[in-house]
Amino acid sequence: MKKLVSRKFYTSLFSFLMLCLVQAVAFAQDSAVNSSKSSTTTTTTTTTAFIQPWMWVVGGIVLLIIIIALLRSGGSRSTTSEKVTITKKVE
């Protein structure tokens, strides 16, 4: 029982130290804002290609066809049945 308590303690301590480390890194990034260095900024504009609406429709149809094909093929394999005919000859 004592070993379980010490394991919990070490796990909690490790978690606490990791959170402190992450917080220290976050504060270290904020100190760059307070510096008195002058800097120049350049802006660049980039254009992003958007997909046309008809491509979304075609993609949706293809996705539905794939899903339907997978569902149909899986269902036909699992429902196999065999017919057995027993004939009795009574004399």
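Provided above is the structure to which this section pertains.
Parameters at a glance
Residues numbered from 1 in each chain as written. Predicted model: local features only at pLDDT ≥ 70, side-chain atom pairs only at ≥ 80, totals over all residues. Heavy atoms only, no water. Helix = DSSP H or I, 4+ residues; strand = E, 2+ residues; numbered from the N terminus. Buried < 20%, exposed > 50% of the residue type's maximum accessible area, 1.4 Å probe, protein only. Areas by Shrake-Rupley, 256 points an atom, 1.4 Å probe, with all protein chains shown as cover. Patch = residues over 30% accessible without salt bridge, like charges linked within 9 Å, V, L, I, M, F, W, Y side chains within 5 Å. Salt bridge = Lys/Arg side-chain N within 4 Å of Asp/Glu carboxyl O.

Student: Tell me what's going on with the overall build of the protein chain, and back it up with residues and numbers.
Tutor: A tally of regular secondary structure across the protein chain gives two helices and zero strands. Relative to its full complement of 91 residues, the protein chain shows a buried share of 0%. Counting only carbon and sulfur atoms, one obtains 66% of the accessible surface of the protein chain, whose full area is about 9900 Å².

Student: So, a nonpolar patch on the surface: which residues are in play, and what are the values?
Tutor: Taken together, the side chains of Ile51, Trp54, Met55, Trp56, Val58, Val62, Ile66 and Leu70 make up a nonpolar region of the molecular surface, amounting to roughly 870 Å² of accessible area. Its relative accessible area of 42% is what places valine 62 among the partly exposed residues.

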